[in-house]
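# Survey of secondary and tertiary structure
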Amino acid sequence: MGGPMAANLVKAGHRVTGFDLVPELLATAAESGVEPAATAVAAVTAADVVLTMLPAGRHVLGLYRDEGLLAAARPGTLFIDCSTIDVADARTAHEAAVAAGMRTLDAPVSGGVVGAEAATLTFMVGGAQPEFADAEPLLAAMGKKIVHCGGAGAGQAAKICNNMILGISMIAVSEAFVLGESLGLSHQALFDVASTASGQCWALTTNCPVPGPVPASPANRDYAPGFAAPLMAKDLGLAANAARACGVPARLGLTAAELYAAYAAGTGAHEDFSGIVRTLRNGAATAPTSEPHRDAKDGTPA
């Protein structure tokens, strides 16, 4: 996602120096007008703002401290981390940046690769108001919704809560389609009803997990990832850890985390997170038949 985000900053008139560990991605960014740097440290030495997007908190902290980004940047540089990481790691990164004389925000995103390319991302931002005000024009070049969620780590908190909703929603929508198939209901008929009724949600109307009803959804590309299942598994794992730490009995969130962890470790390793419908469908095909629910009053099947 960082590549198209950087390209949109170039389109908005900003000079962007970039680095990526994957040479092919760096070359693609260069084609979009990003000036390639030989190292991450070289990319930040003359920057006014540093944006990072990395897989996990340990990568952010390692890059900030061990790899020397904080030491290499000029005092007062604004660091904006767009990774999705643990809230505690985000706060630790914030503290490290402030101790090094930098300004900082956590600003994870929602919208996937499609949103990054179209500059329609949602940014969930944590940090102080002055830093948010300085960053907002840059973020607006990459997204259509920028929300200041609170202090350091608040952006990450909003992101993991949002993605817990999304993961649970996708499982619910997928289970509904599998049930509809078992009842002889066509995908289109269920979509036409639910998309304009109380079952309407993003997982249904934008990222529909079955082919047909939403032509742009990954289901029509054999589940080639827009938002990869391992990323959803990571985000749900972060939400599950936070729920346990806070003593929140998030039963659906914990179950969703377990389902996506198993899916991402198996057939979903290189698929979009909506592909979990196939795992659920396979489970339905092998599940034992349950006794029908009986009415409590007379014992007849309900």
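Residues numbered from 1 in each chain as written. Predicted model: local features only at pLDDT ≥ 70, side-chain atom pairs only at ≥ 80, totals over all residues. Heavy atoms only, no water.

## Looking at empty space enclosed by the protein
Throughout the structure, instances matching the rule amount to one cavity of 30 Å³ or more. Along the walls of the largest cavity sit Tyr64, Asp81, Ile85, Ala90, Ala93, His94, Thr104, Leu105 and Asp106, which together make up its complete lining. At the level of secondary structure, the elements contributing two or more residues to the lining of the largest cavity comprise α6 (87–99) and β5 (103–106). (1 Å grid on protein atoms, 1.4 Å probe; cavity = no way out; pocket = protein on both sides within 12 Å on 5 of 7 lines; lining within 4 Å. Points joined across faces, edges and corners; volume = space filled by probe spheres on them. Helix = DSSP H or I, 4+ residues; strand = E, 2+ residues; numbered from the N terminus.)

## Topic: the packing of helix α9 (residues 154–182) against helix α10 (residues 187–194)
α10 packs onto α9 with a crossing angle of 130 degrees between their chain directions and a minimal axis gap of 10 Å. Classified by the angle their axes make, α9 and α10 are oblique. The chirality of how α9 crosses α10 is right-handed. Two secondary-structure elements touch here, α9 through Ala176, Phe177 and Glu181 and α10 through His187, Leu190 and Phe191. Per-class residue counts for the contact of α9 with α10 are four nonpolar, one polar and one charged. (Axes fitted to C-alpha atoms, helices over the stretch in contact; angles between N-to-C directions. Parallel < 35°, antiparallel > 145°, perpendicular 65-115°, else oblique. Left-handed = near helix turned anticlockwise from the far one by under 90°. Contact = heavy atoms within 4.5 Å. Nonpolar A, V, L, I, M, F, W, Y, C, P; charged D, E, K, R; others polar.)

## Section: the nonpolar core
Core analysis: the largest hydrophobic core is formed by 32 residues, its most contacted members being Phe177, Leu204, Met232, Tyr260, Phe273 and Ile276. Elements supplying a minimum of two residues to this core: α9, α10, α11 (202–205), α12 (229–246), α13 (251–265) and α14 (276–286). For this core, the element with the highest residue contribution is α9, accounting for six residues. (Core = buried A, V, L, I, M, F, W, Y, C linked by side-chain atoms within 4.5 Å. Buried < 20%, exposed > 50% of the residue type's maximum accessible area, 1.4 Å probe, protein only.)

## Some remarks on the confidence of the model for the chain
For the chain, the mean per-residue pLDDT works out to 93, and 94% of the residues sit at or above 70. In this model residues 293–302 is a low-confidence stretch, pLDDT under 50, and it forms ten contacts with partners more than four residues away in sequence or in other chains. (pLDDT = per-residue confidence, 0-100.)

## Some points on the layout of surface pockets
As a volume, the second largest pocket reaches approximately 280 Å³. Lining of the second largest pocket is provided by 15 residues; of these, Ile160, Ala239, Ala242, Ala243 and Cys246 occupy positions nearest its centre. Secondary structure elements with two or more residues in the lining of the second largest pocket: α9 and α12. It is α12 that contributes the most residues to the lining of the second largest pocket, seven residues altogether. Split by residue class, the lining of the second largest pocket holds 13 nonpolar, one polar and one charged.

## Some details on the environment of Ser186
Here Ser186 shows up in the loop between α9 and α10. Each C-alpha atom, one on Ser186 and one on Gly247, is 41 Å from the other, the two residues being 61 residues apart in sequence.

## Thoughts on a nonpolar patch on the surface
Together, Phe19, Leu21, Val22 and Leu25 make up a nonpolar patch on the protein surface, roughly 390 Å² of accessible area in all. With respect to the secondary-structure elements, Leu25 resides in helix α2 (residues 23–31). (Patch = residues over 30% accessible without salt bridge, like charges linked within 9 Å, V, L, I, M, F, W, Y side chains within 5 Å. Areas by Shrake-Rupley, 256 points an atom, 1.4 Å probe, with all protein chains shown as cover. Salt bridge = Lys/Arg side-chain N within 4 Å of Asp/Glu carboxyl O.)

## Notes on the pairing of strand β8 (residues 143–150)
Sheet analysis places strand β7 (residues 121–126) next to β8, joined by six bridges and oriented parallel. Across the sheet, residue Gly126 finds its bridge partner in β8, namely Gly150. Note that the unit made of β7, helix α8 (residues 129–140) and β8 has a crossover that is right-handed. (Pairing = 2+ DSSP bridges. Right-handed = clockwise from strand over helix to strand, strands pointing away.)

## As for the packing of aromatic side chains
Taken as a whole and assessed by the stated rule, the structure comprises four aromatic pairs. Each ring, one from Phe227 and one from Phe273, has its centre 5.6 Å from the other, and the planes form 75 degrees; the classification is edge-to-face. With Phe227 in the loop between α11 and α12 and Phe273 in the loop between α13 and α14, this residue pair connects regions lying 46 residues apart in the sequence. Each member of the pair, Phe227 as well as Phe273, carries the same accessibility label: buried. Relative to Tyr263, the ring of Tyr260 lies with its centre 6.2 Å away and its plane at 70 degrees, an arrangement referred to as edge-to-face. Here Tyr260 pairs with Tyr263, and both are found in helix α13, just three residues apart, close to one helical turn. Note on Tyr260: relative accessible area 0%, which makes it buried. The buried category is assigned to Tyr263, whose relative accessible area is 2%. (Phe/Tyr/Trp six-rings, centres within 6.5 Å; stacked < 30°, edge-to-face > 60°.)

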